[in-house]
Each structure stands twice: as C-alpha cells, then as structure tokens.
Amino acid sequence: MYPPPPLPPRRDFISVTLSPGRSYDGGQGLRRRSFWRKWKQLSRLQRNVVLFLLACLMLCGLLSYISVADEWKAVGSRSAEGPKMRPANPPVLPAPRRAAENPETFAGASPQKPPRHFRRGPPNLQIRAPDGDAKDRRQDEAQRRAEAAGEARWEDDAQGSRVSWRGTGTEPEQGPQLPPRKAEAAPRPSPQALRMRNSPALQNERQKAVVAAFRHAWAGYRKFAWGHDELKPVSKSFSEWFGLGLTLIDALDTMWILGLKKEFEEARKWVSQKLLFQKNVDVNLFESTIRILGGLLSAFHLSGDVLFLEKAEDFGNRLMPAFQTPSKIPYSDVNIGTGVAHPPRWTSDSTVAEVTSIQLEFRELSRLTGVKKFQEAVEEVTRRVHSLRGKKDGLVPMFINTNSGLFTHLGVFTLGARADSYYEYLLKQWIQGGKKETQLLEDYLEAVEGIRKHLLRRSEPGQLTFVGELAHGRFSAKMDHLVCFLPGTLALGAHHGLPADHMELAQALMDTCYQMNRQMETGLSPEIVHFNLHPQRSHKDVQVKAADRHNLLRPETVESLFYLYRLTGQRKYQDWGWEILRSFNASPRAATLPSATSRTRAIPSPGTRWRASFWGRRSSTCTCSSPTTQTCSAWTLTCSTRRLTPCPSGPPPRAGRLPSGCCPGD
C-alpha cells in the first residue's frame, strides 16, 4: 500500500487595485475618510457641543478685533484733531474782569469808586476782627499797605508788562498784537495772589510753624519720591496711583500761598518738562479731576502762568470719554492714553459723590478756555441726578448705575463716604454760577431739611449735635470724619444769604467735630466715631471702634474751622485749628514727614503713606490772623483738595485753590 501523496504547497497572494487616472497619495485619502468616519461616529450631542465651541471662539475673535479697532480709531482721531485751531467760542461763564472796567454792572456803584460788596447774611454774621494784641494789629496794617503798594505797581505796569516771580523786571509787549485768548481769561495774578507773594516777611509765629511743617514734609517728598504720586515715609520710598506726580501738582498752589518761591519754581519746571499725559494708564475720574485738573487750574489762577492752563485743558480733553455712557452718568475710570472708559471691574455703578463732585472744575475749565463741552457734560449729570427718584427729603443714595442712570442700593442715606460732596457742590455751584441756578439752591435747601429731619441727633451726656446714618429706616449713630465738611458749608450758605439758623447748626456741628479730636488721647480725630445715645456715667459722648482708630490726615475739620473763623470772627476757631496742628507735630513722625495713618489712641505709630493734600490745606486757620484783610466772597473752595473757583458776584473774581482758604499774610 502506498502512502498518500503530499499536499501541494500553500501560496499567498497580494492583490493591488489601481484606479485609472489616480495615483498613490501616501494614505491621505484614507485618513480623510477615517476623520469623516469618526465624525459620523460621534453622537448628535457631541457634534453640537463641538460646533458651539467653535462658534464661541469665532465670536470672541470678532469682538476682540472690533475693540482693538476702536482704540486705534480713538488715538488716530485725537492726533488728527490736535493741530486744528479751536473755534473762538464765547466763555460759558462770565470771564474775570477788573471792577473798574464796567462799574455800571454793580448796583449803586459810582464810576469813580470800586463797587462795594454788600454781604447778604444776617447782621451777626458780618465779618469782624477778633480781639488781638497790638502786634497783630500792626502786622495787619502793614499787610494792607503792602497790598496797596503791590496793586499800585501792577497798575503802573499793566499796559505793557507782565508780573513774574522770576524778578520784578517787566517784559513789554511787542507791537499791537493781541494776547492769546487763554491769557485774556486771567492774564495776571489777582490782588490776593500779589499780596501772598509780597507778604511772607510779615508772618506771625503760628504762620511760621505752618510753613515749617510744610517744608519738613516737602523735603521728604523731594528727596525720596520726587515726581511720583505719593511718598512712603517709613520705608523712604514712593508709590504710584496714576503715575502723574499727584503730590507735586497738589502742592503747587500751597507753595505759592506760603511764599515758597524756590520750591514753586522747581515744581513748575517739572510740570513743564516731565508732566506728560500721553500714557497708557487708567485714572479715576473723580480723584484725577479734583487733584490734577483742579490743581493745575488753581496754580494758573494764582500765578497767571498759561502753562498750567494748557496742561489743564489737555488733561480735561482726555477725561471726556468717561461721559460717553448710555445714561450720560460718567464711568468711574478712563484711560488717558487710549481714550477708553469703563466702570470699576467689580460693578457697573459709580458713587453719587464721584459723579456730582467734578462740576466746579469742569465748569471753570469751560469758562477759561471757551470750550463748552466740559460744562455741558457735567451739567447734564446734575440735571439727571436732580430728576431721579429714590431720594428721601433731598437725601440721595450712595450709588448710581452708569447704564440705566438710576440710583441703586436704595434706602441707605449718609453724609459720609460716597455721598458727602454731593451736598457740598450743590451750594458751591450755585455760588460759582452767580446765584442764578435755582435748581441747585432748591436741592441744597431740601437736603438741609432732610438732614435735620432724619439724620440729626444729640449725644449723651454732652449733648453734642451730630449727623448719623439711615439704613432702611433704621438710624445709626455712626459719623465719618468726612461729615465735618458740613459746618463750613452751612456757614458759607448763611454768609450768602441763606437762613440764619444754618449758621447756628454750623456752630453746633463744629463743636462736635472739634470734640472728635479733643476727646482722643492724641488730639487727632479717628476716621469714624460712634456717638453714645443713652446716659451712662462710664461712657463718653464719642466712642471709637478698634478698626477706626487711625487718622488719614483729612482736611474737612480744618476747612470748616477756617469758614467759621472768617465768617464769625470768633478767635476760638483759629485756636482749635492751632491745636490740631500741634497735635500732628507732637505725634511721632518719620525723619521724612508725618505719616497718614497715625493712631488716635495710645501711642501714635507712623503709617505707610503721606497725604500731601492735607499738609497744604491744614494751614487755613493758623495762617490767617485777621478775618478783615481778605474777603471770602471772591472765592469758592471745592471738595477734597479745596480748590477755589471764581464767583461772578462780589469783588473782581479770581480763582485758584487756597488749601484751606487764605494767604499766609492774613
């Protein structure tokens, strides 16, 4: 039998299909078909999610492109408008003029004599000199003679000369060419400014102490923080807020008033060469207006130097984008380099105090430059706030929405932070506008009555009159140091013809603000106090919580003391201001200057910041030795940095910022 034959060997084959007209592409077609197969394998929900994410990315890219295009467009339009000449618009408010230029505009004034200013307040508010020693009287008489001589020198040189701190020499004008329009608004320092320049040698001991305190503080800033926003006295370094030299600009008018000519000229040189606003930085509209814009305007009014007005107009133009909102209520922040404005990062609200406490500066800028847009923007804000609902007998909430233009956080009313200067600016705008804007006066008077009705109380056991807060119908005996602006504002209103009981309330509140300082161990007021409403033997009228036991060098009390002293003639208000100065000098201070956060109890400890604005403003009551040597009617002090803007009524109006209101020779 034979074995079976072996199986034939197995053959393997490879099949290759070649399509006509197509070549091998390295598997790309297979990969494309594979991707499409995977896409089809996804569920409908998964495919929709992927498509939604792609659509979001495309939308974000489109929005980013539009935003960048708008910024470049704003920068381009500003550069294109720069070289254009501004149309010669007539001033919005009456331009300053000398009293003798148009004597018929003052009732009862003869052409031969300058018009006499008749005060409208009650008889007991007429300014009178306090009893003083013979030395003070001799100084006052010498000051008056110096002022008269200074004005006479100006009249001799007025036709073809210019007064300057750089020397008594004059620069005659060449030919019949008319001066620039800006210079026509305030071509020279006012008589008050001339006296400030000529009278440092007549300072009394208190005035010398004020000047010494400023010199000490300024030396520290100049050495460790020159050209920067703030000095940090403990570490002997500096900090920046906007990077625009806030301290230096804030102190310009103070140095002029104190007669510090060398320091003023050095600071002016920095403004001329280093102060540039074309930078990519966000600034707070309110803070930059009252400090930078107001500081430059007041330096212009006091010195007559057009450099400051030109800088002020440039800066004012860069702030205008903040008003481009749906409601015309300005945003809180604006980039002065790109022109892009926005609300705070955490909310779309602005505080009522911020949007209603920029009017004096912008109105004055329009008056000086003839450009109406500044005044129109801020007055539109005033009109809208006037017509809003949510007020309580003239009292306003603390917040307002920039989109809707409506009050938010309704039912909370305070005269402290976020609302304080709204009430102050109602009165001062009315005065600045020649007492013709009745809407402002009505809002102010209604607010005063609302304060009396809802916020005014008396403490125990000393029966101190104070202003508390109201939250949804519940009263709180809390009072910020900021509220101490109110005595000065009430006194100013009474001086301008408002009810005499406003002065009585002003004096009562002034006593309270003084006690907020006196009852502290250091003689310095804390940031916030709470008043005792129930008789208890172991409790004082003023109570302070641990978190509030610090002093931020705020000027409100000192400014009110200045008003009360100048409008009543009572020497005690000047003495109280002197006590506050001595308390600051007695507290521990760094080698550079006093700190901005000194403790009000136990041993004061220096803080980390220096509020430069206070050290100019606190000089008010200490620098004025007689309230008869200078009228208050030609000036309107603004909030926070207390700048002065001119009043159309009264003596020849001149504006500037007196840190608290008077010249060192008074």
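Please read these numbers as outputs of a predicted model, since none were measured by experiment.

1. A closer look at the state of the cysteines
Item 1. All told, the structure shown has 1 disulfide when counted by the stated rule.
Item 2. Each sulfur in the disulfide pair Cys-484 and Cys-513 lies 2.1 Å from the other. Every disulfide takes its handedness from the sign of the S-S torsion; for Cys-484 and Cys-513 that torsion is -105°, giving left-handed. Highlighted residues: Cys-484 in the loop between β14 (478-480) and α17 (486-495) and Cys-513 in helix α18 (residues 501-518), separated in sequence by 29 residues.
Item 3. Cys-484 sits in the buried class, given a relative accessible area of 0%.
Item 4. Cys-56 forms no disulfide, and the closest cysteine sulfur to it belongs to Cys-60, at a distance of 6.5 Å.

2. A closer look at the sheet that holds strand β9 (residues 412-413)
Item 1. With antiparallel pairing, the 3 strands of this open sheet are ordered in space as β9-β12-β13. Of all strands in the sheet, those bounded by a partner on one side alone are β9 and β13 (474-476).
Item 2. Alignment of β9 against strand β12 (residues 469-471), held across 2 bridges, turns out to be antiparallel. Considered in β12, the bridge of Phe-413 is made with Leu-470.
Item 3. Its contacts with the sheet place helix α16 (residues 438-455) against β9, β12 and β13, and it is angled at close to 75° to β12.

3. Brief notes about the UniProt feature "active site" (unreviewed entry) in the protein
Item 1. In the UniProt entry, the feature "active site" (unreviewed entry) is given for Glu-287, Asp-420, Glu-527 and Glu-556.
Item 2. Given the relative accessible area of 15%, Glu-287 is considered buried.
Item 3. Apart from residues no more than four positions distant in its own chain, Glu-287 is found in contact with Trp-241, Phe-242 and Ile-292.
Item 4. Tracing the chain through its elements places Asp-420 in helix α15 (residues 420-432).
Item 5. With sequence-adjacent residues up to four places away left out, Asp-420 is seen in contact with Ala-353, Leu-415, Leu-482 and Phe-485.

4. A few points about the packing of aromatic side chains
Item 1. Going through the model one piece at a time under the given rule, you end up with 16 aromatic pairs.
Item 2. Plain terms: the ring middles of Trp-218 and Tyr-221 are 5.2 Å apart, the flat faces sit at 40° to each other, and that makes the pair tilted. Placement of both Trp-218 and Tyr-221 in helix α6 (residues 205-224) is noted, with a separation of 3 residues, approximately one turn of the helix.
Item 3. The exposure class assigned to Tyr-221 is buried, which follows from its relative accessible area of 0%.

5. A look at the nonpolar core
Item 1. Of all hydrophobic cores here, the largest spans 129 residues; its most connected members are Phe-362 and Leu-415.
Item 2. The biggest single contributor to this core is helix α10 (residues 285-303), with 10 residues.
Item 3. Residues lining this core come from more than one domain, with at least three contributed by each of domain 1 (222-410) and domain 2 (420-588 + 603-612).
Item 4. For Phe-362, the contacting residues outside a window of four places in its chain are Leu-285, Thr-289, Leu-293, Gly-316, Leu-319, Met-320, Phe-323, Phe-374, Gln-375 and Val-378.

6. Digging into the environment of Ala-586
Item 1. With respect to the helices and strands, Ala-586 occurs in helix α20 (residues 571-586).
Item 2. Here the alpha-carbon distance between Ala-586 and Thr-522, two residues 64 residues apart in the chain, equals 8.4 Å.

7. Re α16
Item 1. Taking 1.5 Å of rise per residue, the 18 residues of α16 would be expected to cover 26 Å, and the 25 Å separating its terminal C-alpha atoms lies within 8% of that figure.
Item 2. Taken together, the buried positions of α16 are occupied by Leu-440, Leu-441, Asp-443, Tyr-444, Ala-447, Val-448, Gly-450, Ile-451, His-454 and Leu-455.

8. Topic: unusual backbone geometry
Item 1. At the junction of Glu-460 and Pro-461, the peptide bond is cis and its omega measures out at 5° in the coordinates.
Item 2. Residue placement: Pro-461 occurs in the loop between β10 (456-458) and β11 (465-467).
Item 3. Positive phi values are uncommon outside glycine, yet Lys-236 reaches one of about 55°.
Item 4. Among the structural elements, Lys-236 can be located in the loop between β1 (230-232) and β2 (237-239).
Item 5. Residue class for Lys-236 comes out partly exposed when judged on its relative accessible area of 42%.
Item 6. Although it is not a glycine, His-409 adopts a positive phi angle of roughly 50°.
Item 7. Position of His-409 among the secondary structure elements: in the loop between β8 (407-408) and β9.

9. Quick word on the confidence of the model for the protein
Item 1. Summarising the model, the protein shows a mean pLDDT of 77, and 64% of its residues fall at 70 or more.
Item 2. Confidence drops under pLDDT 50 across residues 150-187; counting only partners more than four residues distant or on other chains, this segment forms 54 contacts.
Item 3. In this model residues 628-632 is a low-confidence stretch, pLDDT under 50, and it forms 22 contacts with partners more than four residues away in sequence or in other chains.

10. Overview of the environment of Ser-332
Item 1. By the element assignment, Ser-332 lies in the loop between α11 (306-319) and β4 (333-335).
Item 2. Considering only alpha carbons, one finds Ser-332 and Asn-284, 48 residues apart in sequence, at a separation of 5.8 Å.
Item 3. If near-sequence neighbours (up to four positions away) are discounted, Ser-332 is found in contact with Val-283, Asn-284, Leu-285, His-342, Pro-343, Pro-344, Ser-350 and Glu-354.
Item 4. Side-chain polar atoms of Ser-332 contact the side chain of Asp-333, separated by 2.7 Å.

11. Regarding a nonpolar patch on the surface
Item 1. Among the surface-exposed residues, Leu-59, Leu-62, Leu-63, Tyr-65 and Ile-66 lie close enough to one another that they form a single nonpolar patch of about 530 Å² accessible area.
Item 2. Mapped onto the fold, Tyr-65 is located in helix α2 (residues 44-81).
Item 3. Overall, the relative accessible area of 60% leaves Tyr-65 in the exposed class.

12. Notes on the packing of helix α13 (residues 359-369) against helix α14 (residues 373-386)
For any two helices packed against each other, one specifies the inter-axial angle together with the distance between the axes.
Item 1. Between α13 and α14, whose axes approach to 7 Å, the crossing angle comes to 150°. Put simply, α13 runs roughly antiparallel to α14. Viewed along their axes, α13 and α14 form a crossing whose handedness is left-handed. Note on element contacts: α14 touches α13 through Lys-373, Phe-374, Gln-375, Val-378, Glu-379, Val-381 and Thr-382, opposite Gln-359, Phe-362, Arg-363, Leu-365, Ser-366 and Thr-369.
Item 2. Taken together, the residues of the contact of α13 with α14 break down into 5 nonpolar, 5 polar and 3 charged.

13. Concerning the pattern of salt bridges
Item 1. Counting across every chain of the model gives 21 salt bridges.
Item 2. Note that Arg-291 and Glu-287 form a salt bridge whose closest N and O atoms lie 2.8 Å from each other. On the criterion of helical spacing, the pair formed by Arg-291 and Glu-287 is a turn pair, its members being 4 residues apart in helix α10.
Item 3. For Arg-384, the salt bridge is made with Glu-380, and the minimal N-O distance between the two is 2.7 Å. Remark: Glu-380 and Arg-384 occur in helix α14; sequence separation between them is 4 residues, near one turn of the helix.
Item 4. Residue classification places Arg-384 among the partly exposed residues on the basis of a relative accessible area of 34%.
Item 5. Judged by its relative accessible area of 22%, Glu-380 is partly exposed.

14. Remarks on the packing of helix α9 (residues 261-274) against α11
Item 1. For the pair α9 and α11, interaxial distance at closest approach is 11 Å and the crossing angle is 40°. By the angle between their axes, α9 is oblique relative to α11. Like other packed secondary-structure pairs, α9 and α11 cross with a definite hand, here left-handed. Listed contacts from α11 to Phe-264, Arg-268, Val-271 and Ser-272 of α9 are Leu-307, Phe-308 and Lys-311.
Item 2. Within the contact of α9 with α11, the residues separate by chemical class into 4 nonpolar, 1 polar and 2 charged.

What counts, and at which threshold
Residues numbered from 1 in each chain as written. Predicted model: local features only at pLDDT ≥ 70, side-chain atom pairs only at ≥ 80, totals over all residues. Heavy atoms only, no water. Disulfide = S-S within 2.5 Å. Helix = DSSP H or I, 4+ residues; strand = E, 2+ residues; numbered from the N terminus. Buried < 20%, exposed > 50% of the residue type's maximum accessible area, 1.4 Å probe, protein only. Pairing = 2+ DSSP bridges. Contact = heavy atoms within 4.5 Å. Axes fitted to C-alpha atoms, helices over the stretch in contact; angles between N-to-C directions. UniProt positions renumbered as here; feature names shortened; annotations may be inferred. Phe/Tyr/Trp six-rings, centres within 6.5 Å; stacked < 30°, edge-to-face > 60°. Core = buried A, V, L, I, M, F, W, Y, C linked by side-chain atoms within 4.5 Å. Domains from an automatic or database assignment. Expected span 1.5 Å × (residues − 1). pLDDT = per-residue confidence, 0-100. Polar contact = N/O pair within 3.5 Å; in protein donor to acceptor, adjacent residues only side chain to side chain. Patch = residues over 30% accessible without salt bridge, like charges linked within 9 Å, V, L, I, M, F, W, Y side chains within 5 Å. Areas by Shrake-Rupley, 256 points an atom, 1.4 Å probe, with all protein chains shown as cover. Salt bridge = Lys/Arg side-chain N within 4 Å of Asp/Glu carboxyl O. Parallel < 35°, antiparallel > 145°, perpendicular 65-115°, else oblique. Left-handed = near helix turned anticlockwise from the far one by under 90°. Nonpolar A, V, L, I, M, F, W, Y, C, P; charged D, E, K, R; others polar.

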